[in-house]
Amino acid sequence: MIPTEENTDRELVRELVRVAHPLWRTILATMREGVLVVDRRMTVLVQNPAATEIFPPPPISSRPLRLIDLTRDPALHEGFQQALGQGASVELRFELRRGEPRTFQVRIAPLRIASDTPQAALGVFVEITALERLERVRRDFFANLSHELRTPLAAILAYVEMLQEIGLDDPEHVRRCLDGLFRQAQRLHALVRDITDLAEIESGATVLSLEALPLRALVEDVLALIQPRAEGRGIAIVNEIPEEIQVLADPLRLTQILQNLLDNAVKFNRPNGCVWIRARRLGEHLEVSIADTGIGIPPADQPRIFERFYRSEKSRSRETGGSGLGLAIVKHLVQLHGGEIRVRSEPGMGSEFTFSLKAAPEPRVAQGATSADAMTNE
Ligand code: ADP
């Protein structure tokens, strides 16, 4: 037989089929990485299921299938051509823009079957979308963290310098500096506490200790801490939770959720505003909501406020002093309880945070006894 290019290719395919032992076929079918083998004329010789998922063959295509039928990405075509022409491996990054963008690391190696010149090239596609996203999240986290640390640290240094320069002779001045130092140290303390909390919750190490709890009474305990701050700004807090509502939750963690949400409802409220706390039973679940008459959250920020360190521009300029981690912690804690949290807000009008929790079976209340009595009698 005269060794024409066509004959060589046919031989090549035959050889590939021969070596495509069931073991190899199983490996190709099982692997997550996409595998594409093309010959010198860019005809696709092998496409494993993962590669078919990345590059679904068009309904109408040339026969045999060619690389151009699967992708028109110039860098990919060049990569395969380079591996075939120069006989060296090529590495490149490939972005798939069909639907949600996906990123792949591609390695293309020359395939020598019956001669020294490569007759085919094999490309392996490893998806790195999630890896790159995690890397981005990690980078953002450290950038935000250093930013959050820098502000109170700079203020502490400034107060210390003032004390060094002006001396300790003026008691009023010393007191103002010490107050400032205390406020900034508290801010750092809260930041470190929130980071530690978040790290623990995210690591999955947090174990909930679920109990049937009287929700109204628990809210009252949290309000005892928050009320003085609210009264200072003339903000009224109304606890509308029915006495009989029992929730199945970890008391410490639920307190943390309520504290964060109520603290925000006061912090981002207007002077003489109002906060309402409500709960209703929906079958096996409870829906708890905290509504305020505050500054509200711009629509563009609403999906992002549960992200770590995210603050809406308006509130940042108010220098509210929070860590920006509160809602991230709340979201994790609610999810840990098997619930969900959402926000509804209108700038200038107010916000409403609603979260779900499991309801505890209602205790049978003896006539004349309160639900709290019933709890302690159980
Ligand atoms: P922090 O309160 O420490 O800034 P959070 O994670 O608790 O951090 O909240 C993130 C951001 O969400 C806040 O900075 C603010 O922009 C916005 N936000 C949260 N709660 C409210 C609210 N009740 N009203 C208006 N904005 C809010």
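The structure contained in this document is the topic of the report that follows.

Let's talk about the overall build of the protein
Part 1 of the reasoning: Helices and strands together make up the secondary structure of the protein, namely 12 helices and 12 strands.
Part 2 of the reasoning: Scored against the burial criterion, the 378 residues of the protein give a buried share of 40%.
Part 3 of the reasoning: Within the protein, counting contacts between residues at least 6 apart in sequence, those at least 24 apart form 62% of the total.

Let's talk about the pairing of strand β11 (residues 341-346)
Part 1 of the reasoning: Of the two faces of β11, the one holding I341, V343 and S345 is buried and the one holding R342, R344 and E346 is not buried anywhere.
Part 2 of the reasoning: Strand direction decides the pairing type here: β11 and strand β12 (residues 350-359), joined by six bridges, are antiparallel. Residue pairing across strands places R342 opposite T354, the latter belonging to β12.
Part 3 of the reasoning: Hairpin connection of β11 to β12: three residues between the antiparallel strands, including G348 at a positive phi of 85 degrees.

Re the side chain of R311
Part 1 of the reasoning: Considering the arrangement of structural elements, one finds R311 in the loop between β10 (285-292) and α10 (313-317).
Part 2 of the reasoning: Among the polar contacts made by the side chain of R311, one reaches the side chain of E148 at a distance of 3.3 Å.
Part 3 of the reasoning: Engagement of the side chain of R311 in a polar contact is seen with the backbone oxygen of S323, the distance being 3.5 Å.

Details of the pattern of salt bridges
Part 1 of the reasoning: Summed over the entire model, instances satisfying the criterion amount to 21 salt bridges.
Part 2 of the reasoning: E135 is the partner of R139 in a salt bridge, and the nearest nitrogen-oxygen pair spans 4.0 Å. Residue R139 and its partner E135 are located together in helix α6 (residues 129-166), separated by four residues, close to a single helical turn.
Part 3 of the reasoning: Between E307 and R304 there is a salt bridge, with the nearest N and O atoms lying 2.9 Å from each other.
Part 4 of the reasoning: Overall, R304 belongs to the partly exposed group, its relative accessible area being 37%.
Part 5 of the reasoning: It is possible to trace a salt-bridge network through shared partners that takes in R93, E95, R97 and E132.

Let's talk about a nonpolar patch on the surface
Part 1 of the reasoning: Taken together, the side chains of L23, W24 and I27 present a nonpolar region at the surface, about 310 Å² in accessible area.
Part 2 of the reasoning: Its place among the elements puts L23 in helix α2 (residues 22-30).
Part 3 of the reasoning: Given the relative accessible area of 48%, L23 is considered partly exposed.

Some points on the packing of aromatic side chains
Part 1 of the reasoning: Using the criterion set out here, one finds seven aromatic pairs in the structure.
Part 2 of the reasoning: With a centroid separation of 5.7 Å and 40 degrees between ring planes, the pair formed by F55 and F94 is classed as tilted. Of this pair, F55 sits in the loop between α3 (49-54) and α4 (67-70) while F94 sits in strand β3 (residues 90-96), placing them 39 residues apart in sequence.
Part 3 of the reasoning: Look at F55 and you get buried, because its relative accessible area is 2%.
Part 4 of the reasoning: Consider the rings of F141 and F309, whose centres lie 5.5 Å apart with planes at 45 degrees: the pair is tilted. With F141 in helix α6 and F309 in the loop between β10 and α10, this residue pair connects regions lying 168 residues apart in the sequence.
Part 5 of the reasoning: For F141, a relative accessible area of 15% corresponds to the buried category.
Part 6 of the reasoning: F309 sits in the buried class, given a relative accessible area of 5%.

Topic: the nonpolar core
Part 1 of the reasoning: L215, L254, L258, L261, L262 and F355 are the most contacted members of the largest nonpolar core, which totals 49 residues.
Part 2 of the reasoning: Excluding anything up to four places from it in sequence, L258 contacts L218, V219, V222, D263, I290 and F355.
Part 3 of the reasoning: With 23 residues, the next largest nonpolar core counts M42, V90, L92 and F94 among its residues.

A word on the sheet that holds strand β5 (residues 120-127)
Part 1 of the reasoning: If you walk across this open sheet you meet the five strands as β2-β1-β5-β4-β3, and the pairing is antiparallel. The open sheet terminates on both sides in strands that have one partner only, identified here as β2 (44-47) and β3. Strand after strand, the sheet turns through a mean of 25 degrees between neighbouring axes, direction not considered.
Part 2 of the reasoning: Where strand β1 (residues 34-39) meets β2, three bridges bridge the pair, whose relative direction is antiparallel. Note on β2: the bridge partner recorded for V37 is V46.

Looking at the packing of helix α7 (residues 171-202) against helix α11 (residues 326-336)
Part 1 of the reasoning: Running from amino to carboxyl end, α7 crosses α11 at an angle of 30 degrees, the nearest separation of the two axes being 10 Å. One element, α7, and the other, α11, form an angle in the roughly parallel class. For α7 against α11, the interelement crossing comes out left-handed. Contacts from D194, D197, L198, I201 and E202 in α7 reach A328, I329, H332 and L333 in α11.
Part 2 of the reasoning: Across the contact of α7 with α11, the residue classes tally to five nonpolar, one polar and three charged.

As for the environment of Q227
Part 1 of the reasoning: Mapped onto the fold, Q227 is located in helix α8 (residues 215-232).
Part 2 of the reasoning: Separated by 10 residues in the primary sequence, Q227 and I237 place their C-alpha atoms 7.6 Å from one another.

Analysis parameters
- Sequence positions are assigned chain by chain, starting from 1 and proceeding in written order.
- It should be noted that, the model being predicted, local features are given only for residues of pLDDT at least 70 and side-chain atom pairs only at 80 or more, the latter also being counted only at that level, while totals for whole chains, interfaces and linings use all residues.
- Side-chain measures here rest on the full set of heavy atoms in the structure, leaving out hydrogens and waters.
- In DSSP terms, a helix is any run of H or I states spanning at least four residues, a strand is any run of E spanning at least two, and both are numbered starting from the N terminus.
- Type-normalised accessible area, obtained with a 1.4 Å probe on protein chains alone, sets the label of each residue: buried when under 20%, exposed when over 50%, and partly exposed for intermediate values.
- By definition, residues are in contact when any of their heavy atoms lie within 4.5 Å.
- By definition, two strands form a pair when at least two bridges between them are found by DSSP.
- The definition of a polar contact used here is a pair of N or O atoms within 3.5 Å, where within protein one atom must be able to donate a hydrogen and the other to accept one, and adjacent residues in sequence count solely through side-chain atom pairs.
- Between Lys or Arg on one side and Asp or Glu on the other, a salt bridge is scored when a side-chain nitrogen of the former is within 4 Å of a carboxyl oxygen of the latter.
- Exposure above 30% relative accessible area and the lack of any salt bridge qualify a residue for a patch; like charges then connect within 9 Å, and the nonpolar side chains Val, Leu, Ile, Met, Phe, Trp and Tyr within 5 Å.
- Each accessible area value is a Shrake-Rupley result obtained with a 1.4 Å probe; residue values ignore everything except the protein chains displayed when judging cover.
- In this scheme Phe, Tyr and Trp rings, the latter by its six-membered ring, pair at centre separations within 6.5 Å, and the angle between planes marks the pair as stacked below 30 degrees, edge-to-face above 60, and tilted otherwise.
- For this analysis, a nonpolar core means a set of buried residues of the types Ala, Val, Leu, Ile, Met, Phe, Trp, Tyr and Cys, connected via side-chain atoms within 4.5 Å.
- Helix axes are fitted to C-alpha atoms over the stretch in contact, other axes to C-alpha atoms as well, and angles between N-to-C directions run from 0 to 180 degrees.
- Here the angle decides the label: under 35 degrees means roughly parallel, over 145 means roughly antiparallel, 65 to 115 means roughly perpendicular, and every other value means oblique.
- Handedness of a helix crossing follows the sense of rotation of the near helix relative to the far helix, less than a right angle counterclockwise being left-handed and clockwise being right-handed.
- Polar here means any residue other than Ala, Val, Leu, Ile, Met, Phe, Trp, Tyr, Cys and Pro, which are nonpolar, and Asp, Glu, Lys and Arg, which are charged; Gly is therefore polar.

Just distances and angles here, no functional claims.
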